[in-house]
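Examining the three-dimensional arrangement
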Amino acid sequence: MASYDIRPLQLKILETLKTVDEVCRKHGLRYYITAGTMLGAVRHGGFIPWDDDLDIAMPRPDYDLLVQNCREWLPEPLELVSAETDPDYPFPFAKIQNSSTTLIERKHIRYLGGVYIDVFPLDGVPEGALARMWHFARYEYLKRIVYFVYRDPFKHGRGPSSWIPRMVQKLYTKESIQRKLRKAMTSTPYDATDMVVDHDDGSRGVLHRDIIGEPTPVNFEGVMVSGYAKPHEYLSGKYGDYMTIPDVEHQRQHNFYHMDLEHPYREFDFESKE
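In this report, we go over the structure that sits alongside the text.

Thresholds, definitions, all that
- Residues numbered from 1 in each chain as written.
- Predicted model: local features only at pLDDT ≥ 70, side-chain atom pairs only at ≥ 80, totals over all residues.
- Heavy atoms only, no water.
- Helix = DSSP H or I, 4+ residues; strand = E, 2+ residues; numbered from the N terminus.
- Buried < 20%, exposed > 50% of the residue type's maximum accessible area, 1.4 Å probe, protein only.
- 1 Å grid on protein atoms, 1.4 Å probe; cavity = no way out; pocket = protein on both sides within 12 Å on 5 of 7 lines; lining within 4 Å.
- Points joined across faces, edges and corners; volume = space filled by probe spheres on them.
- Nonpolar A, V, L, I, M, F, W, Y, C, P; charged D, E, K, R; others polar.
- Pairing = 2+ DSSP bridges.
- Axes fitted to C-alpha atoms, helices over the stretch in contact; angles between N-to-C directions.
- Parallel < 35°, antiparallel > 145°, perpendicular 65-115°, else oblique.
- Left-handed = near helix turned anticlockwise from the far one by under 90°.
- Contact = heavy atoms within 4.5 Å.
- Core = buried A, V, L, I, M, F, W, Y, C linked by side-chain atoms within 4.5 Å.
- Patch = residues over 30% accessible without salt bridge, like charges linked within 9 Å, V, L, I, M, F, W, Y side chains within 5 Å.
- Areas by Shrake-Rupley, 256 points an atom, 1.4 Å probe, with all protein chains shown as cover.
- Salt bridge = Lys/Arg side-chain N within 4 Å of Asp/Glu carboxyl O.
- Lys, Arg positive; Asp, Glu negative; His and termini not counted.
- Charge placed at Lys NZ, Arg CZ, Asp CG, Glu CD.

**Let's talk about unusual backbone geometry**
Keep in mind that most residues, glycine aside, have a negative phi and that most peptide bonds are trans. Residue P77 follows E76 across a cis peptide bond; omega there is 10°. Examined against the element boundaries, P77 turns out to sit in the loop between α3 (60-73) and β3 (78-81). In this model, A35 sits at a positive phi of 55°, which is unusual for a non-glycine residue. Structurally, A35 is set in helix α2 (residues 35-44). A35 gets classed as buried once you look at its relative accessible area, which sits at 13%.

Next comes the structure, spelled out in structure tokens:
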């Protein structure tokens, strides 16, 4: 568990969610709180007490519209970052971050950013078992390549552990591997199948479309936001007995490399911290 006071961070994240909800309603975009955020809404009426992030998911067509128009639609200090908007961004999903803050998750991935919410695209997947197996095998391979492309090859020294990332970085650029990964993720259009997925969950995240349904109002920290149409089916499939609170040893929380709720990330200097 991290040692900092989590509540100020949660409240800062909640401000972002409120604004994103307003933007999505204004422009007719579908979104859903998802994963631990959906669990928190059902079990706690808001954040899981030890949770220090927030997740939403968007059907790929809506996700792409938001990415394309983010500079116009999102008010300052919010900004959307993704592989489509920034070649140095290392993930296959977007973040909406508060640029007046600083939050760096891990030292070895030197991507500068602010306090954020994760935005996961929902994609279609093949309905046949074999086709779906091949789809996820390809996705997991490309995701691993993405990790090596962005990783500091000398994270564990200059010995054999550096050989694979150095070789991968000679074979692929950041832009080329992100294009390949996006092509794999979107190979089955969202509206062409009854099976959809948040790829961040891998093959375990495959859902029937009726579980997601239309965005359905749900209370989160006293604010009505959008959730899945069938939360019980979603949460029981993902977490099992989701209403039982785990013991302290299983209450997962980030241990961020650096967090500052008062100063913009563009002022941060890695060298000065080291």
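This is not the end of the story, as more comes after the structure.
**Side note on the layout of surface pockets**
As a volume, the second largest pocket reaches approximately 260 Å³. Lining of the second largest pocket is provided by 17 residues; of these, R71, L78, E79, L80 and R266 occupy positions nearest its centre. When residues of the lining of the second largest pocket are traced back to their parent elements, those giving at least two are α3 and β3. The greatest single-element share of the lining of the second largest pocket, amounting to four residues, is contributed by β3. Across the lining of the second largest pocket, the residue classes break down as 10 nonpolar, two polar and five charged.

**Structural notes on empty space enclosed by the protein**
Within this structure, the stated rule accounts for two cavities of 30 Å³ or more. When its volume is computed, the largest cavity comes out at roughly 160 Å³. What lines the largest cavity is a set of 14 residues, among which F91, K95, L103, E105 and Y111 lie closest to the centre. Elements with a contribution of two residues or more to the lining of the largest cavity: β4 (94-98) and β5 (102-104). Of the residues that constitute the lining of the largest cavity, the class distribution is eight nonpolar, three polar and three charged.

**A closer look at the pairing of strand β10 (residues 223-227)**
Counting buried residues along β10, four of its five residues qualify, which places the element largely inside the surrounding structure. In this structure, the hairpin formed by strand β9 (residues 216-220) and β10 is closed by a connection of two residues, where E221 is found at a positive phi of approximately 55°.

**Side note on the pairing of β4**
Taking burial as the measure, the five residues of β4 include five buried ones, the bulk of the element. Burial along β4 is two-sided: A94, I96 and N98 and K95 and Q97, pointing in opposite directions, are all buried. In terms of strand pairing, β3 meets β4 through four bridges, oriented antiparallel. Directly across from L80, in β4, lies its bridge partner I96.

**Quick word on the packing of helix α4 (residues 129-150) against helix α6 (residues 174-185)**
Here α4 crosses α6 at 160°, and the two axes come no closer than 10 Å. Accordingly, the angle class assigned to the pair α4 and α6 is roughly antiparallel. The way α4 lies across α6 gives a crossing that is left-handed. Listed contacts from α6 to H135, R138, Y139, L142, K143, I145, V146, V149 and Y150 of α4 are K174, I177, Q178, K180, L181, A184 and M185. Tallied by class, residues from the contact of α4 with α6 come to 10 nonpolar, two polar and four charged.

**A word on the nonpolar core**
Residues I33, I56, I96 and F220 are the most contacted members of the largest nonpolar core, which totals 53 residues. Among the elements that line this core, the one with the most residues is helix α1 (residues 7-27), at seven residues. Ignoring any residue separated from it by four or fewer positions in sequence, one finds I96 in contact with T16, V20, L66, L74, L78, E79, L80, V115, Y116, I117 and V119. Counting residues in each nonpolar core, the second largest holds 17 residues, with V168, I177, L181 and V206 among its members.

**A look at a positive patch on the surface**
Residues R138, R179, K180 and K183 make up a contiguous surface patch of positive charge. Top contributing element to the positive patch by residue count: α6, with three residues. Among the structural elements, R138 can be located in helix α4.

Take it as geometry only, folks, not as evidence of what the structure does.
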